[in-house]
Amino acid sequence: MSAVETPRKIEVFPVIGLEVHAQLKTRSKMFCGCPVTVGAPANVATCPICLGFPGTLPVVNREAITLALRLATAAGSTIHRESEFSRKNYFYPDLPKGYQISQYDRPFSTGGAIAIDTPNGEKAIRLVRIHVEEDAGKLLHETPYDDVPEDVSLIDWNLRSPDEAASYLTELRRLVRYTAVCDGDMEKGSLRCDANVSVRASETAPFGTRVEIKNLNSIRFVAKAIEHEIERQARVLERGERVVQETRLWDEKAGRTVAMRSKEEAHDYRYFPEPDLGLLVVDDAWIREATSDMPELPRARRARFEASYELPAQDAETLVAARALADYFERVVAAGAPARLAANWMTGEVLRWMKERRVSIEDALAFPVSPERLAGLLRLVEGGEISAASAKDVLVEMLDSPADAAAIVAARGLGRIRDTGALEVAVAEVVAASADQVALYRSGKTQTFGWFVGQVMKKTGGRADPAAVREALTRALGAPGA
């Protein structure tokens, strides 16, 4: 709500449904052999089949179905052994055949859920269906971009707030990435979302008139568009007017939704079974093949990180945000680094480096320092061979060098100072140069002790053992108040 708006006078209860299109990671399109060439010049990967020429026949892409099986299994959906493709008839410039091959009353799978975290605990967002379809082409306006070939669409109708919608999309994107079904890149259109929003007077009142917001390409935009649409519909009702069923677009610059066209109903599309394709039959062997190498799913992995590695919940959540990041962490631990220390460095130094260089966490295994080399550095820190401050300097050098941490520490003389005589000299020099601070300490102001520790650590380049420094300073300064 902007500063110039006044609070609405009525309370409304929103109902939010999301339809998410995930472009499957196949090499060819859904019903023909044309390659998937996202970003290539327009119409370089087309054929009589995808252009709908008379006499051509579509053939189902087996890999697309295999990937859809993986997603349906991960979401706990019921996979139907037989499903049917239908023709969805409508005219639009990006639809060369005049119809879209989709699924309607006999979809690929139904049910299932995506769990999200809310302030009140975990909530399961129920799925209505997962179906497989071809996508239309793409109208080119300003940026050349090829068509997006095949989709899995997921729809749910039990979201109640923009925050829940954003959490659901975040969790779903993580799921499709973990299962290698889709790259989840919303900016490139690999994952797209249409939001259906309605409001009603109470949680038990009949559903209101729904409005669809098309082609939202970021999770942030989804949340903002839904929030605005809830407010817009509430104000329409407040004025005693009727919400019109329509399709709207999100105008990010204006911060509002704008009308696009009146909303079609299912009968407007004149669905009927696709005559050129038989039933899609999925047997148990195909399901086993598709799911034989399913990874541990992100929420289960997060729970294991908390239990097995005793990580704080926030650290575990950060590490499982991407499969590659979680894999990197586990390899660091497997190479001998303490789990808590590894998590601290992963969520700190490693992610900082990636953020500064705009490296996606999905590419964590491309971090210049291998998990095994990082583990070697962390073992030195854990063993007290090197200070945390020096370890950060070593990591900087490791980013541009193939050398192991131990070799860099030895070459630069960054190891802990073990010579007690040298430490005593450093302490004596700090005490001798700090007469005023010494007087304060000896007068009873013991909080100055930490200042002395800092000065000695600075003088030794952070290489002195803190415990040894405290012992030496206690001897040098004497008892406070004496």
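Because the structure is a prediction, the values reported are computed rather than measured.

Calculation criteria
- Residues numbered from 1 in each chain as written.
- Predicted model: local features only at pLDDT ≥ 70, side-chain atom pairs only at ≥ 80, totals over all residues.
- Heavy atoms only, no water.
- Salt bridge = Lys/Arg side-chain N within 4 Å of Asp/Glu carboxyl O.
- Buried < 20%, exposed > 50% of the residue type's maximum accessible area, 1.4 Å probe, protein only.
- Helix = DSSP H or I, 4+ residues; strand = E, 2+ residues; numbered from the N terminus.
- Pairing = 2+ DSSP bridges.
- Axes fitted to C-alpha atoms, helices over the stretch in contact; angles between N-to-C directions.
- Parallel < 35°, antiparallel > 145°, perpendicular 65-115°, else oblique.
- Left-handed = near helix turned anticlockwise from the far one by under 90°.
- Contact = heavy atoms within 4.5 Å.
- Phe/Tyr/Trp six-rings, centres within 6.5 Å; stacked < 30°, edge-to-face > 60°.
- Expected span 1.5 Å × (residues − 1).
- Arc of directions from axis to C-beta.

Attention shifts here to the pattern of salt bridges. For side chains bearing opposite charge, pairing can occur when the charged atoms are close. Under the definition given, this model contains 37 salt bridges. Arg 248 serves as the salt-bridge partner of Glu 246, at 2.5 Å between the closest nitrogen and oxygen. On the accessibility criterion, Glu 246 (12% relative accessible area) is buried. The exposure class assigned to Arg 248 is buried, which follows from its relative accessible area of 9%. Ionic pairing is found between Asp 327 and Arg 301, a salt bridge with its closest N-O pair at 2.7 Å. On the criterion of sequence distance, the pair formed by Asp 327 in helix H7 (residues 323-334) and Arg 301 in helix H5 (residues 298-308) is long-range, its members being 26 residues apart. Relative accessible area serves as the criterion here: at 26%, Asp 327 is assigned to the partly exposed category. According to the relative accessible area criterion, Arg 301 is buried, its value standing at 7%. Three or more residues joined by partner-sharing salt bridges are found here, namely Asp 117, Glu 122, Glu 171, Arg 174, Arg 299, Arg 302 and Glu 317.

As summarised here, the arrangement of the 3 strands in space is E5-E4-E15, forming an open sheet in which the pairing is antiparallel. Taken across any chain shown, the strands that pair with only one partner, and hence form the sheet edges, are strand E5 (99-102) and strand E15 (272-273). Of the pairings in the sheet, the one linking strand E4 (residues 86-89) to E15 comprises 2 bridges and is antiparallel in character. Of the residues in E15, the one forming a bridge with Ser 86 is Pro 273.

Right, let's get into the packing of helix H8 (residues 339-356) against helix H10 (residues 388-399). Closest axis-to-axis distance for the H8/H10 pair is 12 Å, and the angle between their directions is 40°. With respect to H10, the axis of H8 lies oblique. Crossing handedness for the pair H8 and H10: right-handed. Taking contact as the criterion, the partners of Trp 345, Glu 349 and Trp 353 in H8 are, on H10, Ala 388, Ala 391, Lys 392, Leu 395 and Leu 399.

Once that is clear, we can look at the pairing of strand E9 (residues 129-134). Across the 6 residues of E9, 6 count as buried, placing the element largely inside the fold. Burial along E9 is two-sided: Arg 129, His 131 and Glu 133 facing one way and Ile 130, Val 132 and Glu 134 facing the other are all buried. Strand direction decides the pairing type here: strand E6 (residues 109-110) and E9, joined by 2 bridges, are antiparallel. For Thr 110, the partnering residue across the bridge sits in E9 and is Arg 129.

Time to look at the packing of aromatic side chains. Evaluated as defined, the whole model comprises 11 aromatic pairs. Taking the centre distance of 5.4 Å and the plane angle of 85° together, the rings of Phe 31 and Phe 85 count as edge-to-face. With Phe 31 in the loop between strand E1 (13-23) and helix H1 (62-74) and Phe 85 in the loop between strand E3 (82-83) and E4, this pair connects stretches of sequence that are 54 residues apart. Here Phe 31 matches Phe 85 in class, with each residue buried. The interplanar angle of 85° and the centroid separation of 5.3 Å between the aromatic rings of Tyr 309 and Phe 329 together place this pair among those described as edge-to-face. Linking Tyr 309 in the loop between H5 and helix H6 (313-319) with Phe 329 in helix H7, this pair joins segments that are 20 residues apart in sequence.

The next thing to look at is H7. Under the 1.5 Å per step criterion, the end-to-end length of H7 is 16 Å for 12 residues, consistent within 8% with the ideal 16 Å. The set of residues buried in H7 consists of Ala 324, Leu 325, Ala 326, Tyr 328, Phe 329, Glu 330, Val 332 and Val 333. On the buried face of H7, the contacting elements are helix H2 (162-178), H5, H6, H8 and helix H9 (371-382). Just past H7, the residue Gly 336 takes up positive phi, approximately 110°.

Of all the positions in helix H4 (residues 284-291), only Trp 286, Ile 287 and Ala 290 are classed as buried. In an axial view of H4, the angular spread of the buried residues amounts to 100°, which keeps them on one side of the axis. Looking at the buried residues of H4, the elements they touch are H1, strand E2 (78-79) and strand E16 (280-281).

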